[in-house]
Amino acid sequence: MAVVLLVLVCTLLTLSASGCTTIAAGRKATADGSVIIGHSDDGDPIADGRLMFVPAADHPPGAKRYIHNTNYEYPRSVSFHRGPDYEPDEFTDAVLGKNNVRESIGSIPEVAHTFAYHDTDYGAINEHNVAIAESTCSSMFRTCQINTDIGCEPGRTKGKALLDVGTLSEVALERTTTARQAVQLMGELAYKYGFYGSQDANGYGEALQVADPNEVWTFHVLADDTGTKAIWAAVRVPDDQVTVLANMFTIRKVDVNDTQNCMASPNMYSIAAKYGWWRPGEVFDFTRIYSNGEYGYKYYSGRRMWRILTLAAPSLKLEPDYTDLKYDRSWPWSVKADQLITREQVQVVVSHRVPRRTRARNHCLKEVCLWLFVCRFPLVLGLS
């Protein structure tokens, strides 16, 4: 059986440089038939990016799955519910006090059995080779975490949304055996319990590459306009193609009638129609409708997207310039690579720096042109 190869890297930050970039390659796009996803996880300079293991577990009827405050500073989570790696120790005691844990902010019903998985500040890969890579994005709507006022949208004094992308990705790895199941579950949970984003400036949406040994999906999610649910969509990456996420939504056409290759929340169309952003009969362009443009500024996302697609398929001679990525379909959403992709090539791609001449000609700012290095990784986890 083919396996998922998850290539994790962390960024060597300089000044205010930052950017989470992910790449996904279908099984027919790779040299060994593996599905490959890669993730450069920049995070905050003081973020807790430790690789942790959560063991499989059985749960009694009526058990609860506790949801914890998203605090990515060390220690990001301390709990007696997630295995030895997350239990208090002398280091967490020094921060929180002896045997203290992070308080939960709520709960959802637990399932009878949860699978083993690895995580960092997001879910990474589970025992069934379901793997996830993340990139924070802008979005048209935002809201705040349940019972807090941090990052609330105008008119709200206390949040109602329970889940963020870290929790969604972890619960998906605990409960699913395929990428398709993971996407569906994350969407359903976000819609039912509410979704809130990172609270970064213009970083209220999230995008994931979700893979298993057979296929890979791109998943987008944001808060809905009530702050109590979520809007989401997912599109399957063609098996022979490569795609990229770089802190901006990328999904364009969404056709929920194509159930083999597309999924979406039940409110996706109605909310867009409510605000006059889409009319029935028109092609539904998710990025044009629900993105708020590039996360930071022009070229912040676009340069990384263009460069990775160009490295994968130089024969396409893709043009680097554009006006506004929210509206411009400057490049294909995914490309067929000129040559079959290897894990080593993915490492090279996410470690690539745009040539100085290109940066100068196209006004690429230093935050876009990151050096990356492999740190403790790559990892090949959960091999079947």
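Relevant structure appears above.
Just so we're clear, the structure is a prediction, and the values are computed from it rather than from any experiment. (Residues numbered from 1 in each chain as written. Predicted model: local features only at pLDDT ≥ 70, side-chain atom pairs only at ≥ 80, totals over all residues. Heavy atoms only, no water.)

## Re the state of the cysteines
Cysteine pairs can be covalently joined through their sulfur atoms, and such a bond is termed a disulfide.
Phase 1: As enumerated under the stated definition, the model contains 1 disulfide in all.
Phase 2: Two residues, cysteine 144 and cysteine 152, share a disulfide whose sulfurs are 2.0 Å apart. Taking the torsion about the sulfur-sulfur bond, which here is approximately 85°, the covalent link between cysteine 144 and cysteine 152 counts as right-handed.
Phase 3: Residue class for cysteine 144 comes out buried when judged on its relative accessible area of 0%.
Phase 4: No disulfide involves cysteine 20; its sulfur sits 9.6 Å from the nearest other cysteine sulfur, which is in cysteine 137.
Phase 5: Here cysteine 20 falls in the buried class, since its relative accessible area comes to 5%. (Disulfide = S-S within 2.5 Å. Buried < 20%, exposed > 50% of the residue type's maximum accessible area, 1.4 Å probe, protein only.)

## Side note on unusual backbone geometry
Phase 1: The peptide bond linking tyrosine 74 to proline 75 adopts the cis configuration, its omega dihedral lying at -10°.
Phase 2: Position of proline 75 relative to the elements: it lies in the loop between β6 (64-68) and α1 (90-96).
Phase 3: Of note in the backbone geometry, asparagine 247 takes a positive phi value of approximately 60° without being a glycine.
Phase 4: Tracing the chain through its elements places asparagine 247 in the loop between β15 (242-245) and β16 (262-264). (Helix = DSSP H or I, 4+ residues; strand = E, 2+ residues; numbered from the N terminus.)

## Quick word on a nonpolar patch on the surface
Phase 1: Nonpolar side chains collect at one region of the surface, where Met140, Tyr275 and Trp277 lie side by side and expose about 250 Å² of accessible area between them.
Phase 2: Mapped onto the secondary structure, tryptophan 277 falls in the loop between α4 (268-274) and α5 (286-290).
Phase 3: Given the relative accessible area of 30%, tryptophan 277 is considered partly exposed. (Patch = residues over 30% accessible without salt bridge, like charges linked within 9 Å, V, L, I, M, F, W, Y side chains within 5 Å. Areas by Shrake-Rupley, 256 points an atom, 1.4 Å probe, with all protein chains shown as cover. Salt bridge = Lys/Arg side-chain N within 4 Å of Asp/Glu carboxyl O.)

## What to know about the environment of valine 346
Phase 1: Positionally, valine 346 belongs in helix α7 (residues 343-350).
Phase 2: The spacing of valine 346 and alanine 24 is 322 residues in sequence and 9.1 Å in space, taken between C-alpha atoms.

## Some details on α7
Phase 1: Among all positions of α7, only Val346, Gln347, Val349 and Val350 are buried. Each buried residue of α7 sits inside an arc of 160° when the element is viewed along its axis, so together they form one side. (Arc of directions from axis to C-beta.)

## Re the packing of aromatic side chains
Phase 1: Evaluation of the coordinates by the stated rule reveals 15 aromatic pairs.
Phase 2: Where tyrosine 269 meets tryptophan 278, the ring centres are 5.0 Å apart and the plane angle is 40°; that geometry is what we call tilted.
Phase 3: Under the relative-accessibility criterion, tyrosine 269 is labelled partly exposed at 23%.
Phase 4: Ring centres of phenylalanine 284 and tyrosine 290 lie 6.3 Å apart, and the angle between their planes is 45°; this geometry places the pair in the tilted category. Like phenylalanine 284, the residue tyrosine 290 is buried in the burial classification.
Phase 5: An aromatic cluster is built from Phe141, Phe249, Tyr269, Tyr275, Trp277, Trp278, Phe284, Phe286 and Tyr290, whose rings are joined through pairwise contacts. (Phe/Tyr/Trp six-rings, centres within 6.5 Å; stacked < 30°, edge-to-face > 60°.)

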